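Observations on the model geometry
Each chain, letter by letter, is given below.
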Amino acid sequence: MSARLCLIGDPVTHSLSPQLHNAMLRALEIEGAYEVCRVREGELAVFFDAARAGAYCGFNVTMPHKKAAFDLADALTDAARRVGAVNTVRIEKGRTIGHNTDGAGFLHAIKPHTVNAKDKIAAVLGAGGAARSVALALADAGWQVRVVNRTPSHAQALAELAPNICAVELAEALCDCALFVNATPLGMEGEKADFEDLAFLRALPKSALVCDLVYRPAETALLRAAREQGLDTMNGFPMLCHQAVDALAFFLGKPLDHDRMMAVLKDVIT
Ligand code: NAP
């Protein structure tokens, strides 16, 4: 078996995905490579055609193309259809099958931290692609999800996707929450904006988990403040790794030993 895979986006050079996927391919003794391919806005349809013609057997999609990839895919999995965005594409007999692994990756990542959560109430900050994936995955797993967003109408649109998701103000979101998720780029390396005031964290219960989907830097100002307050914290690395394992399984069209692949990835990022 041979696999020619890549990540498309713009920018993409900073991505860890090649290291993660190439380590898994080596561990599985599968010939091939996972590379990065800068695809600018306006070039996506041409890339899809090249992939259909056999340039790749699968690819991941990152900013700014997740929504456009949804529109271009020849077929969609339920996960992609519900989220309205595609981050993983398999080529099957010349057709592009769009999928989304972000939500499942996030659920996998928080599992060890939330097994004892009594009240499954979560606050998600953001209403973009990542927030949609995370909020829907949590809602499907039985959580009550409160979405807070800079543009309230985007939070409202997200709340319409499931009965147990609602759009609220930050002040109303945190009481009794077992989980707080930053699904915005605030605090991300290279992003100018960061949280101006982190005092809102004091409204969370002491047992809450604070997650940042950002993984560069490994500890954002949000996570540092949460840790200093004694809260449990998790950055975006575990989600990135879990979704990468799920993406490779989708590319290969077969289940993988998830725990074994996570052990391989742990060696890559430590
Ligand atoms: P996106 O679709 O562009 O959505 C960004 C969201 O953040 C929107 O809701 C936007 O609000 C909000 N936002 C942006 N700048 C803001 C600011 N200055 N103040 C307040 N809110 C702001 O982005 P995305 O794809 O969802 O990605 C969000 C973050 O998740 C990024 O940091 C990305 O790297 C990370 N991520 C991590 C993983 C992982 O595996 N760890 C996977 C996917 C994404 P508006 O609606 O008002 O525009």
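Here's what I pulled together on the structure shown here. The numbers attached to residues start from 1 for each chain and follow its sequence in the written order. Restriction of local features to residues with pLDDT of at least 70 applies here, the model being predicted, together with a cutoff of 80 or more for giving and counting side-chain atom pairs; totals for whole chains, interfaces and linings are based on all residues. To get the side-chain values, all heavy atoms of the structure are used, and hydrogens and water are removed first.

1. Here we look at the site of the ligand
In the vicinity of the ligand, 23 residues are found, and the nearest of them are Ala-127, Ala-130, Asn-149, Thr-151 and His-154. Any pair of N or O atoms that falls within 3.5 Å is considered a polar contact. Within protein, one atom must be able to donate a hydrogen and the other to accept it, and sequence-neighbouring residues count only if both atoms are side-chain atoms. In the model, an oxygen atom of the ligand is placed 2.8 Å from a nitrogen or oxygen of the Ala-127 main chain. Protein coverage of the free-state accessible area of the ligand, which is 930 Å², stands at 78%. Under the DSSP-based scheme used, a helix requires at least four consecutive residues in state H or I and a strand at least two consecutive residues in state E, with every element numbered from the N terminus. Of all the elements in the fold, those that place two or more residues in the shell around the ligand are helix 6 (129-140) and helix 10 (237-252). Each residue is assigned to one class: nonpolar for Ala, Val, Leu, Ile, Met, Phe, Trp, Tyr, Cys and Pro, charged for Asp, Glu, Lys and Arg, and polar for all the others, Gly among them. A per-class count over the shell around the ligand returns 12 nonpolar, eight polar and three charged. Residue ranges labeled as domains rest on an automatic or database domain assignment. Domain assignment of the residues forming the shell around the ligand places at least three in each of domain 1 (2-100 + 238-269) and domain 2 (103-235). For this description, a residue counts as near a given molecule or strand if any of its non-hydrogen atoms is within 4 Å of it. Note on areas: Shrake-Rupley with a 1.4 Å probe; residue coverage comes only from the protein chains shown.

2. A short note on the sheet that holds strand 6 (residues 95-99)
The criterion for strand pairing is that DSSP finds at least two bridges linking the strands in question. The mixed open sheet is built from six strands, whose spatial order is 2-1-3-5-6-4. Taken across any chain shown, the strands that pair with only one partner, and hence form the sheet edges, are strand 2 (31-38) and strand 4 (75-76). Bridge count between strand 4 and strand 6: two bridges; the pairing is parallel. Residue pairing in the sheet places Leu-76 in a bridge with Gly-98 of strand 6. This element, helix 1 (residues 17-27), spans strand 1 (2-9), strand 2 and strand 3 (58-61) of the sheet and lies at about 170° to strand 2. Sheet contacts for helix 10: strand 1, strand 2, strand 3, strand 5 (88-92) and strand 6; angle to strand 5, the most-contacted strand, approximately 10°. Only heavy atoms enter the contact rule, under which two residues are in contact if any of them lie within 4.5 Å. Angular values range over 0 to 180 degrees, each being the angle between N-to-C directions of two axes fitted as lines to C-alpha atoms, with helices fitted over their stretch in contact.

3. With respect to the packing of helix 5 (residues 102-114) against helix 6
Direction vectors running N to C along helix 5 and helix 6 enclose 60°, while the axes themselves pass 8 Å from each other. Taken as axis vectors, helix 5 and helix 6 run oblique relative to one another. Two packed elements cross with a definite hand, and for helix 5 against helix 6 that hand is right-handed. Residues Asp-102, Gly-103, Phe-106, Leu-107 and Ile-110 of helix 5 lie in contact with helix 6, whose contacting residues are Ser-133, Val-134, Ala-137 and Leu-138. Taken together, the residues of the contact of helix 5 with helix 6 sort by class into six nonpolar, two polar and one charged. Just so you know how the angles are binned, under 35 degrees is roughly parallel, over 145 roughly antiparallel, 65 to 115 roughly perpendicular, and the rest oblique. Handedness of a crossing is defined here by the sense of rotation of the near helix relative to the far one, left-handed for an anticlockwise turn of less than a right angle and right-handed for a clockwise turn.

The values are spatial; any link to function lies outside them.
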